Amino acid sequence: MADKKEPRSSKTSTKRPVKKAASNTAKTAKKASKKKTVKNTSTRSFGRKLFSIFWKLSLAGVVAMALYLIYLDAKITRQFEGNKWQLPAQVYARAMSFYPGQFLSSQEVLWELDRLNYSSVNKLSRTGQYIKSGDSIKIFRREFEFFDGLESAQVIELRFTGKKLATIKDKFGRRLNSARLEPVQIARIGNDSKQDREFVPLDKFPAMLKDTLLVVEDQKFYEHHGVSVLSIMRALYSNIKAGRTVQGGSTLTQQLAKNIYLTRDRTLIRKFNEALIALILDYRYSKDQILEAYLNEVYLGQSYNQGVHGMGLASEFYFSKPVDELEFDQIALLVAMVKGPSYYNPRRYSERTMERRDLVLRLMVDNKLIDTREYRAALQRPIDIAPMKDSLPKSYPGYLELVDRELKRLLPDQEVLDAGVRVFTYFDLQKQAAMEEAITESLPYLERRATTEQLEAAMVSVNVEKGGVSALVAGRDPRFLGFNRVLDTKRNIGSLVKPAVYLTALESANYNLATLLDDSPVQVTNQQGKVWQPENFDHQYRGMMPLYKAFSKSINIPAVNLGLDVGVDKVATTLSKLGAKQDIEQYPSLLLGAIEMSSLEVAQLYTTLAADGEYRELTSISALTDSVGKVLYQHHVRSEPRFDQAAAYMTKYAMKRVTKDGTAKRLNAHFPSVQLAGKTGTSNDLRDSWFAGFDQSTVTVAWIGRDDNKSTGLTGSVGALETYIRYLKPLNPESIADTRPPTIRWAFVNEQTGMQAPPGCGKVIQLPLRAAEFEPRPSCQR
């Protein structure tokens, strides 16, 4: 039984492993399936994560780009619509004005036209030209925006009679009451940007210049949207083919973007930014706005430490003429330089520059901007570049320092100053040139004459009518940018104080020009017991002498006696009324000029004297406008009568006698037909040599001295007067023509008695006296 069961058992045991293997296979398959499922799930999960990351990064990139574009747009808009550049302040001289009957010679007008770079021609064809014929000058005046409005280009004819302007006519022969030339720009006061430019509106650029620029630099300017893909691909192909950079694909808009907003680094990031900015510019602004900005931004050379930017300034810098007067060859040259102003610098590399210019001319004729005849004529013209001038701020440093001080007071906001302020001044180029020459020539002469050295000078002229400073030289070297002796050197004024002493007396009814003054030794003892004993320069005494003669001969003792009689305090008050702003110590020595003043402060005193006792505060600035012509400031002359008319008239008469037969009588020898007035001054030990004088329209003060305050060996009548005479020589001084006040009558006076007398009664002289003192029939009293 048992044997029979074993096979069953064996059979049974044989079948179980098969079932188990199947089970294991199933389990293995199930596990594999699970693994596959897990793997697929893991792959799908990773893909989803990767997509999520990519999507998020893309979204972040889009957001970042959008934010960056918003930032760029805000930056571009803020600068493009605000002040694109820090523009220098442009400083102008006074404009030469004309009116019939004016004391003005044709030579003065020709001198001014030369400084304005007008051309002498046989026939007027455009602005910037004139014709001189006989006693007339016909001028095609340029358009100019003055502070009081725009004046269009105009033809005017000036006709002269001797040294006077007889008539002014327009091109139709109609008489004009007035006319004027545009002013000369004397300086461009820069800023920290080291860039210089002169903003010119798009409509003021000649069409030929705009068209030539587009033909050479960007022919599709008005068609593309700031970036030209075709130009970029063409440039890329040319550069790859050449193995180096031979062609640029930037549009004008891209160039503008680079120049205004970016650095000059050659990187892909900068190129990317350049393209973005160009697209924004093109979207935001019109083509004309972009072209205007480019024409005013493009870099075209270097003037010392200032970059020359814009076609307007480049025209002045290279050709000394406004951009609207450029010839075809000059336009071609400026456009040629856009490619590389340093490489195509006409002052250094004339040959290669001419080749580039001629290429531009060829493009101009090929594109029918000029015809063949004009092309050939332009090719024949050499590159004629104006000589490199001194940088403008160094041209007139003394005067410009005065302007700068006033400018900071009138416009303390630096942002306003950096926005292209136009400064109109009272600066007179002819007077300045004469003053510089006078100082340059007179100082070596005086050093030889007085056997001295190291002389320095300060000189200033003022327009009496306006109180405007018209010329100023601050030292021996007119171009030295440093210590300003006119503004900051204060020295004892010596006898220049005497007009204040005599004016104080003449304001009193107790004194007139004939009053006898005592010229005898005098001593003054102060409260501390110290004795002051003044002396005459020649150590001589003359006894009694008339007031006018003591004045004209600058005798010390009569002035001291007179000052003590009227009161030192009153003399100090007179000085303050004349314009002295300092505290004045009221010592007797004040009567002989023991008061320190600068040349400009002295000029203020004498301007009041020349203006018949009317005070007008001195200034160099006549008006200020912003870059578009809005008036920011205008000087309105305020005349304040401070002295009795009769007293002022008599004081001026005595100052005229100084130049006729007094200490400045050399003036009469040099200008016998011109009535001048003035006063010499000398400080103790001949340390300071002064002269203050005036004609009908201009007060001038000259000082000669040494910086170490040692003796010069020069009196006022030898030193400063010599410089003043040399200053007047090339000018056209106008005789003083005073209007006699109704309170003044002319009378004959006996010099010995100081009383009115008929002619023939001893030594008689005719003098102006107060009408109240006038005797119709004086008796002869000897």
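Described below are features of the structure shown in this document. (Residues numbered from 1 in each chain as written. Predicted model: local features only at pLDDT ≥ 70, side-chain atom pairs only at ≥ 80, totals over all residues. Heavy atoms only, no water.)

## Thoughts on the packing of helix 16 (residues 498-506) against helix 19 (residues 568-578)
The interhelical angle for the contact between helix 16 and helix 19, taken along N-to-C directions, is 110°, at an axis separation of 9 Å. Regarding the angle of helix 16 to helix 19, the classification is roughly perpendicular. Residues Ala500, Val501, Leu503 and Thr504 of helix 16 lie in contact with helix 19, whose contacting residues are Lys570, Val571, Thr574, Leu575 and Leu578. Partitioned by chemical class, the residues of the contact of helix 16 with helix 19 number 6 nonpolar, 2 polar and 1 charged. (Axes fitted to C-alpha atoms, helices over the stretch in contact; angles between N-to-C directions. Helix = DSSP H or I, 4+ residues; strand = E, 2+ residues; numbered from the N terminus. Parallel < 35°, antiparallel > 145°, perpendicular 65-115°, else oblique. Contact = heavy atoms within 4.5 Å. Nonpolar A, V, L, I, M, F, W, Y, C, P; charged D, E, K, R; others polar.)

## Quick word on the pattern of salt bridges
All told, the structure shown has 50 salt bridges when counted by the stated rule. A salt bridge links aspartate 358 to arginine 357; the shortest N-O distance between them is 2.9 Å. Accessibility expressed as a relative area gives 1% for arginine 357, which makes it buried. Its salt-bridge partner being aspartate 738, residue lysine 656 comes within 2.8 Å of it at the nearest N-O pair. Residue lysine 656 is found in helix 21 (residues 645-661), and its partner aspartate 738 is found in the loop between helix 23 (720-728) and strand 31 (744-750); the two are separated by 82 residues along the sequence. Sharing partners across several salt bridges, the network here consists of Arg94, Glu112, Asp428 and Lys431. (Salt bridge = Lys/Arg side-chain N within 4 Å of Asp/Glu carboxyl O. Buried < 20%, exposed > 50% of the residue type's maximum accessible area, 1.4 Å probe, protein only.)

## Some points on the nonpolar core
Counting 143 residues, the largest nonpolar core has Phe98, Val109, Ile139 and Leu667 as its most contacted members. When residues in this core are grouped by element, the largest group, 8 residues, is from helix 21. Excluding residues within four positions of it along the chain, isoleucine 139 makes contact with Val109, Leu113, Tyr118, Leu124, Gln129, Tyr130, Gln154, Val155, Ile156, Leu158 and Leu181. (Core = buried A, V, L, I, M, F, W, Y, C linked by side-chain atoms within 4.5 Å.)

## So, unusual backbone geometry
Phi is positive for aspartate 685, which is not a glycine, with a value near 60°. Looking at the element boundaries, aspartate 685 is found in the loop between strand 28 (677-682) and strand 29 (689-694). Assessed through its relative accessible area of 52%, aspartate 685 is described here as exposed. Of note, the phi angle at asparagine 709 is positive, near 65°, even though the residue is not glycine. Inspection of the secondary structure assignment puts asparagine 709 in the loop between strand 30 (698-705) and helix 23. Taking relative accessible area as the criterion, asparagine 709 reaches 32% and is therefore assigned partly exposed.

## Thoughts on the state of the cysteines
Counted by the stated rule, this structure contains 1 disulfide. Across the disulfide, cysteine 761 is cross-linked to cysteine 780 (sulfur-sulfur distance 1.7 Å). Handedness of the cysteine 761-cysteine 780 disulfide follows from its S-S torsion of about 85°: it is right-handed. Taken together, the residues cysteine 761 in the loop between strand 31 and strand 32 (764-770) and cysteine 780 in the segment after strand 32 connect sequence positions 19 residues apart. Residue cysteine 761 is classed as buried on the basis of its relative accessible area of 2%. (Disulfide = S-S within 2.5 Å.)

## So, the sheet that holds strand 5 (residues 136-141)
Pairing in this open sheet of 5 strands is mixed, and the strands run 3-4-5-8-9 from one edge to the other. On the outer flanks of this sheet lie strand 3 (119-120) and strand 9 (164-170), each paired with one strand and no other. Pairing of strand 4 (residues 129-133) with strand 5 involves 5 bridges; the strand directions are antiparallel. Looking at the pairing, glutamine 129 lines up with phenylalanine 140 of strand 5. (Pairing = 2+ DSSP bridges.)

## Here's the deal with the side chain of asparagine 296
Positionally, asparagine 296 belongs in helix 7 (residues 287-297). Judged by its relative accessible area of 0%, asparagine 296 is buried. Polar side-chain contacts of asparagine 296 include one of 2.9 Å to the backbone oxygen of glutamate 292. Not counting residues within four places of it along the chain, the set of residues in contact with asparagine 296 comprises Trp85, Arg197, Glu198, Phe199, Val200, Phe205, His309 and Gly310. (Polar contact = N/O pair within 3.5 Å; in protein donor to acceptor, adjacent residues only side chain to side chain.)

## A word on the sheet that holds strand 1 (residues 89-92)
In spatial order, the strands read 11-1-15-25-26; together these 5 strands make up an open sheet with mixed pairing. The strands lining the two open edges of the sheet, one partner per strand, are strand 11 (185-189) and strand 26 (631-634). Between one strand axis and the next, the sheet turns through 15° on average, direction left out of account. Where strand 15 (residues 422-425) lies against strand 25 (residues 621-625), 4 bridges are found, and the strand directions are antiparallel. Within the sheet, the bridge partner assigned to phenylalanine 424 lies in strand 25 and is alanine 623.

## Structural notes on a nonpolar patch on the surface
A cluster of nonpolar side chains, namely Phe51, Phe54, Trp55, Leu59 and Val63, defines an oily patch on the protein surface of about 560 Å² accessible area. Within the secondary structure, phenylalanine 51 is located in helix 1 (residues 2-81). By relative accessible area, phenylalanine 51 is classed as exposed at 55%. (Patch = residues over 30% accessible without salt bridge, like charges linked within 9 Å, V, L, I, M, F, W, Y side chains within 5 Å. Areas by Shrake-Rupley, 256 points an atom, 1.4 Å probe, with all protein chains shown as cover.)

## Regarding the packing of helix 20 (residues 599-610) against helix 21
Interaxial distance between helix 20 and helix 21 falls to 9 Å at its minimum, and their mutual angle equals 110°. One finds that helix 20 runs roughly perpendicular with respect to helix 21. Contact residues: helix 20 offers Tyr606, Leu609 and Ala610, while helix 21 offers Thr651, Lys652 and Met655. In terms of residue class, the contact of helix 20 with helix 21 is made up of 4 nonpolar, 1 polar and 1 charged.

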